[in-house]
Amino acid sequence: MDSEKHTSERNALEANEISAGYGEAQVLRDLSFELQEGEILSIVGPNGAGKTTLMRVLMGLIGPTNGSVRLYGDQITDLPAHERLGHGLALVSEERNLFREMSVKENLVMGSYSERGKNRGERLERVFDLFPRLEERQDQHAGTLSGGEAQMLAIGRSLMTDIRILMLDEPSLGLAPKLVPELFDKIREINDDGISIVLVEQRAQEALQLADSGCLLENGAIVHRGAAAEMLDDEDVIEKYLGGA
Amino acid sequence: MSRFEMLERMVDNRLFDTIKAHQTTIGAVVVAIAVLIPFLVPSALLFDLTLVFIYGMLAFSAILPIGYAGQLILAQGAFFGVGAYSFVKLTEAGLPPVVAILVATVFTGVVAYLLGKPATRASGIYLGIITLAFNELFVNFLELFPDFTGGSTGLSAPSLFPSVMTGMIPGDVLYYYLLLLVYIGTVVFFYRLLHSEFGWALLTIKEDPVLAESIGIDAQRYRLLSFTSAGLICGLAGGLFAPFNGYLSPPMFDLHRTIDIILAGVAGGLTTPIGSIFGGLIVVLVPEVLRFIAEIRLIIYGVLLILLLMYLPEGIGGWLREKWEQ
Amino acid sequence: MVVSIEQLVFIVGNGLIFGSILALVAVGLSLIFGVLDVPNFAQGEFASVTGFVIVGLVGLGIGLVPSIIAGIVFAFVAGVAVERLVISKFYGRDEFLLLTFFATFGITIISENVLRQMFGGFRQIPGPDIGSIVVAGTSVNLLRPAAGAIAVGMLIGLYIFTRYTYMGLAMRAVADDRRGAEMIGVNYERIYMLTFGIGAVLTGISGVLYGMLFTLSPTSGVALTAFAFTIVVVGGVGSFFGTILASLLIGLVDSFTATMVGSRWRFFAIFAVLFIVLVLRPEGLRGGST
Amino acid sequence: MGGFDDEYQRTIGMPTPQSGPLATDGEAGLRASDVAIAEINEELDEEITLEQQDGEANPEIALGVARDLNDEGVPAITGTFSSDVSMALSDFAENEEIPFMTAISVDPEIVEPGDDYTFRMTGNTTQKLRGMSEFLEQEDVSGIGVIAADYAMGRSAVEFMEQEAGDYGMDLVSDAVVPMATDDFTPELQGIDTDEIDALFCPFPGGNGPTLVRQMREQDIFEEVDIVIGHDSYGMEAYRDALGDNLVDMYNWGVDLENERARQASERMQEEFGVRMDALSLPNYDAVHMLAQVIDEQDSLDPQSVRDGLAEIEYESASGWDVSFDENGDNEAFQMIVSRWEQDGDEMRNVVQYTSDVVEP
Amino acid sequence: MKQVLTLENVTKTFGGIVALSEFEGSVEEGEITGLIGPNGAGKTTLFNVITGVLSPDSGTVRFRGEDVTQDSPHRICRKGIARTFQTPKPIGSLTVEKNLRAAYRFGEPDPAVSEEERYQQTLDLFDLRENEDVRAENLQLIEQKHVDVGRALMSDPALLLLDEIMAGLTPTEKVNMCETIERINSEFDISVLLIEHDLKRIRSISDTIIAMNDGSHLLTGTPTEVLANDGLREAYIGT
Ligand SMILES: Nc1ncnc2c1ncn2[C@@H]1O[C@H](COP(=O)(O)OP(=O)(O)OP(=O)(O)O)[C@@H](O)[C@H]1O
Ligand SMILES: Nc1ncnc2c1ncn2[C@@H]1O[C@H](COP(=O)(O)OP(=O)(O)OP(=O)(O)O)[C@@H](O)[C@H]1O
Ligand SMILES: [Mg+2]
Ligand SMILES: [Mg+2]
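Residues numbered from 1 in each chain as written. Chains lettered and ligands numbered in written order. Predicted model: local features only at pLDDT ≥ 70, side-chain atom pairs only at ≥ 80, totals over all residues. Heavy atoms only, no water.

Named according to an unreviewed UniProt entry, chain C is Branched-chain amino acid ABC transporter permease originating from Natrialba swarupiae. In its Subcellular location (unreviewed entry) section, the UniProt entry covering chain C states "Cell membrane". As recorded by UniProt, the Sequence similarities (unreviewed entry) comment attached to chain C reads in full: "Belongs to the binding-protein-dependent transport system permease family. LivHM subfamily." (UniProt positions renumbered as here; feature names shortened; annotations may be inferred.)

Peer 1: Go over the overall build of chain D with me, naming the residues and quoting the values.
Peer 2: Scanning chain D from terminus to terminus reveals 12 helices and 14 strands. Radius of gyration (C-alpha) of chain D: 20 Å, near the 21 Å computed for a compact globule of 361 residues. Projected onto its principal axes, the C-alpha coordinates of chain D cover approximately 65 × 45 × 35 Å. A separation of at least 24 residues holds for 67% of the contacts in chain D among residues at least 6 apart in sequence. Counting every atom, chain D has about 12700 Å² of accessible surface; 37% of that belongs to carbon and sulfur. Each charge class in chain D can be summarised by its mean position, and for the 17 positive and 84 negative side chains these summaries are 5 Å apart. (Helix = DSSP H or I, 4+ residues; strand = E, 2+ residues; numbered from the N terminus. Rg over C-alpha atoms; globule rule 2.2 N^0.38 Å. Contact = heavy atoms within 4.5 Å. Areas by Shrake-Rupley, 256 points an atom, 1.4 Å probe, with all protein chains shown as cover. Lys, Arg positive; Asp, Glu negative; His and termini not counted. Charge placed at Lys NZ, Arg CZ, Asp CG, Glu CD.)

Peer 1: Hey, could you go over empty space enclosed by the protein for me, with residue numbers and the actual values?
Peer 2: Taken as a whole and judged by the stated rule, the model has 8 cavities of 30 Å³ or more. As for the largest cavity, its lining consists of 13 residues, of which A:L91, A:R157, A:S158, C:M183 and C:I184 are closest to the centre. Going through the elements one at a time, β6 (89–92) and α6 (147–158) of chain A are the ones with two or more residues in the lining of the largest cavity. Grouping the constituent residues of the lining of the largest cavity by class yields 7 nonpolar, 4 polar and 2 charged. (1 Å grid on protein atoms, 1.4 Å probe; cavity = no way out; pocket = protein on both sides within 12 Å on 5 of 7 lines; lining within 4 Å. Points joined across faces, edges and corners; volume = space filled by probe spheres on them. Nonpolar A, V, L, I, M, F, W, Y, C, P; charged D, E, K, R; others polar.)

Peer 1: Any details on the site of ligand 2? Residues and values, ideally.
Peer 2: Taken together, 22 residues are adjacent to ligand 2, and A:R137, A:G148, A:E149, E:T44 and E:T45 come closest. Site remark: ligand 2 is flanked by residues from chains A and E. The contact in question runs from an oxygen atom of ligand 2 to an N or O atom on the backbone of E:A41, over 3.3 Å. Alone, ligand 2 offers 640 Å² of accessible surface; in the complex the protein occludes 90% of this. Mapped by element, the contributors of at least two residues to the shell around ligand 2 are α6 of chain A together with β2 (17–28) and α1 (43–50) of chain E. In terms of residue class, the shell around ligand 2 is built from 5 nonpolar, 12 polar and 5 charged. (Near = heavy atom within 4 Å. Polar contact = N/O pair within 3.5 Å; in protein donor to acceptor, adjacent residues only side chain to side chain.)

Peer 1: So what's going on with the sheet that holds strand β1 (residues 3–14) of chain E? Residues and values would help.
Peer 2: Residues and elements named next belong to chain E. Read from one edge to the other, the open sheet built from 4 strands follows the order β2-β1-β4-β5, with strand pairing classed as antiparallel. Each having just a single partner strand, β2 and β5 (66–67) make up the two edges of the open sheet. In the sheet, β1 pairs with strand β4 (residues 58–63) via 5 bridges, with the strands oriented antiparallel. Its bridge partner being in β4, L7 is matched across the sheet by V61. Across the face of the sheet, α1 comes into contact with β1, β2 and β4 while running at roughly 115° to β1. (Pairing = 2+ DSSP bridges. Axes fitted to C-alpha atoms, helices over the stretch in contact; angles between N-to-C directions.)

Peer 1: Which residues make up the interface of chain B and chain C, and what are the values?
Peer 2: Opposite the 42 residues of chain B that make contact, chain C presents 42 residues. Taken together, the two surfaces of chain B and chain C that pack against each other cover about 3800 Å², and 81% of this comes from carbon and sulfur. Together, B:I125, B:Y126 and B:L144 form the three largest contributors to the area buried by chain B at its contact with chain C, with a combined 17%. Across the contact surface, chain B and chain C share 1 salt bridge. Of the charged contacts in the structure, one is a salt bridge between B:K206 and C:E95, with a shortest N-O distance of 2.6 Å. For the side of chain B that touches chain C, the secondary-structure elements that each account for two or more residues are α3 (43–68), α5 (97–119), α6 (124–144), α13 (255–268) and α15 (297–311) of chain B. The element best represented in the side of chain B that touches chain C is α6(B), accounting for 13 residues. Of the residues assigned to the side of chain B that touches chain C, the class counts are 33 nonpolar, 4 polar and 5 charged. (Buried area = accessible area lost by both parts, 1.4 Å probe. Salt bridge = Lys/Arg side-chain N within 4 Å of Asp/Glu carboxyl O.)

Peer 1: Give a detailed account of helix α11 (residues 266–280) of chain C, specifying residues and quantitative values.
Peer 2: Since the α-helix turns once every 3.6 residues, residues separated by three or four places project in the same direction. Here α11(C) spans 21 Å end to end across 15 residues, near enough to the 21 Å set by a 1.5 Å rise per residue. Within α11(C), burial applies to C:R266, C:A269, C:I270, C:F271, C:V273, C:L274, C:F275, C:V277 and C:L278. Considering only its buried residues, α11(C) is in contact with α5 and α6 of chain B together with α1 (5–36), α9 (220–235) and α10 (240–261) of chain C. (Expected span 1.5 Å × (residues − 1). Buried < 20%, exposed > 50% of the residue type's maximum accessible area, 1.4 Å probe, protein only.)

This is the structure in structure tokens:
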């Protein structure tokens, strides 16, 4: 792989004409999506556009009513979530989905479940490095963490295993201002290791600055897709989503 | 959608359209049937139909705490028994039957209140097991003090109506009308109660007690209220059941009864007060219909119970409401 | 009431043995409740069904040991079947707790009556004759302490399993947050099945011991379930040691009441204990802590 | 009030457990009544039928069945069931004015003073306990212990011994009442002082009785106590295993299975159903016989005339005692029969040891 | 100026963890006060202590001069403190209308304003008219947040506590939310205490900011003062 700019033409993740929703309510409409190997893709869009729903479909937490999902070219539409992880796809969900009755440490240990603890010590260290707060609180029940601490743990847990694609749904939610640039740096670092990243963020500006390409989701459909830098200059995007900047 | 489902839907829709179109006629027919039934059916069936009303009332002791307040109470059988036994004891002490029913109701309410006071601090499965334990203790108590309670042999209960009345109109017909009226009263009362802010408070507590408190709802007080109401309604039903049935014994108030009562609530729909009549019908008539297969009857009953839970999650009342709203 | 030394030895011994058998039922229940949130009213049925399967096989002339093995395998299969055929239909539904409580109650009715049809009434598993000893004046069948020891051994094994193996951790993780577990690669369906299977096996083993020491009847299952619920709640849901502690406590209370007050008061005493504990501590003896 | 249908049937109604915990006992009773009715019909011009429905040993269900039967116009009801069911059916009988006969329920409360429609062909608790005590007196028993199940007979036994043991020259040394579902009797058994007790009395109906017997065997009680006596359920199949080959001094009360009629009935039942009569089924055979006899003899199927016929009846039962009813409906000609378990080749048999004087209610 | 809320020496520990340590602080009547601090500083815990959800190990909470430390949450609500939660909590099974009306009926609002009047005002303020009959669980995040604040408003509080009400909103939505909060503050005369990690927003909306760290009070002042503080920059804002 090219070490300078590691985005290649190959699609790491790809969705074709996906429709999905909850019960009667349709959220995603014939949405197509692709993530190139090695890139950071930032998805922005208003509340309720369907960003989280898209993440869930990609991870296999809900099934699409229509369309297909491919991972490195392989059809995975019907693959359950736990098997997708085995193929290198991981998600930090909006709800965090922590194991509330287990300690912080146990949560992290469970993060390495799919590899049954390979390189566990090393990875723990990496997470504690990023979030020293978690090291201080490793014996506390995850359910009693503060909002921001819980967010740190959710991110930390996803870093406990070897993956190829990391999807982050609003990872900066609830984090103190000081931590946000640190988190974004870390995301950059992870990406430098060759991991492709999907980043859903309300901090659109910062996210787009970090990303290689961007994607604007509105009303369950992608209305704009392009280089991140380009989108940062787009008047329309600025006005709508970057708060007039 | 399978062809079968499509067909089913068509039938459903037509059926409900027809029903809607002739609402008043159908309503009148139902009322007429309800009034005339005593003259149309044999006495064993009339007895069962009267029992349906009792279960219809009892269903509210599941609907209110479980369906609305999210309190898993498993002591309805015992409350029912407290009402029934106190009716007998009170009439033995010389109270006129009608007064005895009222006193028995209040007494059951007091028992429920006293139990609820500590018990409602617990929730979920803990509350379930505390109340289940109370139910067992009650049955145990009946068996342990046979001199007072008749023990496992049971007690006979006096009739509610003086023989002058039963001389003119048969007792079972009187009971039928009495319970029909009481049942209608119960439904109206609870329908209104549950659609007032009382019902909202219970639903909020069920969802999140902290949230409820934060908008000014005294969660503990409402929990206790709902618990006590369950006791009251069971007590009233028990007070009416004793003279109607004429006989009481401990196993009639054990966990199986409790389950039947809650089942009446579940089958009717835990959040649809009007469903209670269907709950009563199912709980009373299904075992009756199955009687002909003696040996395997209970096995079939178990299977039906599971299927009902699987395929009618909202109960019959919920299912009807859904169709109606479509 | 004066308790002599002999009586005390008898009470404690009997109580601990009964308590450890109960612990197997209770831990099975607690495991299933903890992981799946199913208040499994059919838990005790795994004991009676396993016991009766063994009675049946022995009756067919099959040796005791193969029968026991077959019985335990049967328990596992029964557990998995219950999860697949019944419980799995309720996942994600409102009122899950209530619905599964009732559905498992339905299973109890079925199992009780199938056993009655097949075996009639009261049966005993012919335990191996490993002799007896005289303790404090009464002769004690050695099978009793042996059963207690087996129960304790199983429990320790389970504890190690849930604390220190990834599979065990995964069970706890699924219990906490199914989606979270899925996202880190846990096949939750398999965990659910396995949990039910293991829960059933633990309780099945208690059925073997129970059937050798006492008498199996189609209603033994319900009685064990009632004990187990009491224990789990007194011990605090999800608390392993709380459950064990409560089992022994209930065993002792039971034994004490039966010996000193009279068997009629057993249930009364046990439910009274439950009642008192919960009124004082609504979350159980060790509520909150694990 | 009469039935819904005013036509009365030539049918005896039987709400009897066919499911639920007493299904096994109920079934034995049903077979006995089948044998009885077949026997009767061989001699009648017009058949009498049985309408057997499942009453589940549950008073409520049994009452539902009784209501149905009443609606169908049966002129009389009988069956095998526990005391609580009999209690409920007796109330029903008095209210609906339909004769009801219990074959085996012993609770005195079932037949209340002034009852017109309730009949009991066996003895009540006191009658049975008096009869048994006569036997124990004759055997020179001085110390007696009781381990009783928690039901009418069990509780009455303790009460009776507390009050009247002295009248029969006995001393109540120890007593315990245990719930029916008990399956560990070691707490009770370890409390028994075998040195002081000559006879141990165990009123324990079906259920876990065999477990009690087995655990008594394990504790060598049979070797140390002269007489162990159980109640009529001890004649059942289930006890044979439990008793094993340790039969020393094991007695039970109940019926006389050795007389000619009982033997014949038992053989017929063996032929048709593969089981023998026992102390719970034989009285039911008698009850059906009595009702059929009355129905056939009266010229009307009206419940009232069946009742009148029963009130007058003088019947010699296969169970071993005579039957005639006092004004309440209790059997004033009851005699207690005590048998002993004996090994007879491969078989075990109940051999009558003692028949008491007539014990009035 | 009067203090609507005063916290004296409030300490709260969980086992060995000190979440609040002798916290001191106050909210001036009529103001919008911002509450900031690093993750785990104890902000949410503080809200829980004020509203009676948690009772402090020691210290006093005064509301309009009255000691409310030992009061239960529903009493505190009726006395005039309303709140929202860090994750929105609509009463899912009730419609928006019932969500709002319930708060009026269970609270102790000023009888001068009728339920209907208050209800109409709230609908308008949060643009909820279209959703009146929608069950709250079916709303989108932003709408749920509106219901949450609207509900708090319906109980007619003197003090409104908002926990990260703007988290997860788009920049535009945040601006709108800020405007709404300001209107609540000025038009309804309600003091506001608000937790927020978005410095831009908190700077523009707050009259006063309280900064806390590790469970203790760090400093109070105008937004400019506080946000310029070196200690706070070090612990919270970064460079
Ligand atoms: N579990 C669910 N059940 C029902 N509807 C849901 C569920 N989750 C989301 N929705 C609805 O689906 C639509 C899309 O929601 P989604 O969470 O995907 O949007 P989003 O773009 O992630 O928004 P946000 O920026 O608020 O996170 C919304 O209308 C939402 O109300
Ligand atoms: N029940 C509890 N048991 C143990 N520690 C707890 C408990 N509740 C809160 N804590 C700890 O107390 C500290 C304060 O938590 P709090 O939720 O108040 O933080 P916060 O300031 O709101 O943080 P954030 O900005 O991340 O939401 C945190 O470190 C948290 O882990
Ligand atoms: Mg989202
Ligand atoms: Mg917080």
